Amino acid sequence: MTPDVERGVADVPVEPPIAGDEAETLVGSLERQRRTFAWKCEGLDAAGLSARVASSAVTLGGLLKHLALVEDHYLSVRLLGREPAPPWDAVDRDAEPDWEWSSAAGDPPERLYALWAEAVLRSRANLREVLEGSDAGRLAAFTTRDGRSPNVRRLLADLIEEYARHVGHADLIREAVDGRVGEDPPEGFRPRTT
């Protein structure tokens, strides 16, 4: 990891606190989902990241790329009103609405892992920036068509739900790849983002 990537990750929780405040609990819940997802995906080659279960088109590589997009969309674009980061800034979503899923098969594993890790690190930095001077009730920059803005609480709840759904997919795929099962990573496991 580069020094920029390493900065600020020592305090990343592995699960929510037992009796934390709202923001700590939401961020801890999100980190638990990220950590479990990382464990389900870690250490696989291109074949493992491209494996499918039954007739589903979902792959672990596709999940890495999709969740990198979701991280950027929720905690950079929606939260702070920033432009999408590369590679999302160059994708025509109207022409290729499922680009992250279909293009993942052509990406080397190192690129997929790095894309997700970089997105998570940006998201963590953005959340720290927002939560240092506010709480989970702060409104996001994003405004819906009818003029409403979600708060940080809502964005985190949506992101936790997105991860939880896809951790379930990752469970099934990883078990089919090499038999890895379990709800929680082994003690001491740290994702590439930490």
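Our structure's up above, just so we're on the same page.
Each chain has its residues counted from 1, following the order in which its sequence is written. The predicted nature of this model means local features are confined to residues of pLDDT at least 70 and side-chain atom pairs, given and counted, to a pLDDT of 80 or more, with totals for whole chains, interfaces and linings taken over all residues. Side-chain metrics in this entry use all non-hydrogen atoms of the structure; hydrogen atoms and water are not considered.

Remarks on the nonpolar core
Phase 1: Among the buried residues, those of types Ala, Val, Leu, Ile, Met, Phe, Trp, Tyr and Cys that are joined through side-chain atoms within 4.5 Å form a nonpolar core. The buried label goes to any residue with under 20% of its type's maximum accessible area, the exposed label to any with over 50%, and the partly exposed label to all in between, with areas taken from a 1.4 Å probe on protein chains only. Among the nonpolar cores identified, the biggest contains 47 residues, and Phe37, Leu60, Leu64, Leu79, Trp116, Leu127 and Tyr163 are the most heavily contacted of them.
Phase 2: In this text, helices come from DSSP runs of H or I with a minimum length of four residues, and strands from runs of E with a minimum of two, each type numbered from the N-terminal end. Residue assignment for this core shows that the elements contributing at least two residues are helix H2 (22-41), helix H4 (60-80), helix H6 (109-132) and helix H7 (152-178).
Phase 3: A total of 11 residues in this core trace back to one element, the largest contributor, which is H4.
Phase 4: The residues touching Tyr163, leaving out its near neighbours within four places in the chain, are Leu30, Gln33, Arg34, Phe37, Leu67, Glu71, Trp116 and Val120. Note on definitions: a residue-residue contact is assigned when non-hydrogen atoms from the two residues lie within 4.5 Å.

What about the packing of aromatic side chains?
Here a ring pair, both rings aromatic, is described through the centre-centre distance and the interplanar angle of the planes.
Phase 1: Think of it this way: a Phe, Tyr or Trp ring, Trp meaning its six-membered ring, pairs with another when their centres are within 6.5 Å, and the plane angle makes it stacked under 30 degrees, edge-to-face over 60, tilted otherwise. Counted according to the given criterion, the structure contains three aromatic pairs.
Phase 2: Measuring from ring centre to ring centre gives 6.0 Å for Phe37 and Tyr163, while their planes differ by 75 degrees; the resulting arrangement is edge-to-face. Taken together, the positions of Phe37 in helix H2 and Tyr163 in helix H7 put the pair 126 residues apart, joining distant regions of the chain. By the burial criterion, Phe37 is buried, and Tyr163 matches it.

Considerations on the packing of H2 against H6
Phase 1: To define axes, lines are fitted to C-alpha atoms, for helices over the stretch in contact only, and angles between the resulting N-to-C directions are given on a 0 to 180 degree scale. Across the interface, H2 lies against H6 with an axial gap of 13 Å and an inter-helix angle of 175 degrees. In terms of orientation, H2 and H6 fall into the roughly antiparallel class. Contact with H2, carried on its side by Ala23, Val27, Glu31, Arg34, Phe37, Ala38 and Cys41, involves Tyr113, Trp116, Val120, Ser123, Arg124, Leu127 and Leu131 of H6 and no other residues of that element.
Phase 2: In this count, Pro and Cys sit with the nonpolar residues alongside Ala, Val, Leu, Ile, Met, Phe, Trp and Tyr, while Asp, Glu, Lys and Arg are called charged and the others, Gly among them, polar. Looking at side-chain class alone, the contact of H2 with H6 contains 10 nonpolar, one polar and three charged residues. Note that the term roughly parallel is reserved for angles under 35 degrees, roughly antiparallel for angles over 145, roughly perpendicular for angles of 65 to 115, and oblique for everything else.

Some words on the pattern of salt bridges
Phase 1: Definition used for salt bridges: Asp or Glu carboxyl oxygen within 4 Å of a side-chain nitrogen of Lys or Arg. Within this structure, the stated rule accounts for 16 salt bridges.
Phase 2: Here Arg93 and Glu100 are joined by a salt bridge, their closest N and O atoms 2.8 Å apart.
Phase 3: Under the relative-accessibility criterion, Arg93 is labelled partly exposed at 32%.
Phase 4: On the basis of relative accessibility, which here comes to 2%, the residue Glu100 falls in the buried class.
Phase 5: The network of salt bridges with shared partners includes Glu31, Arg34, Glu71 and Arg124.

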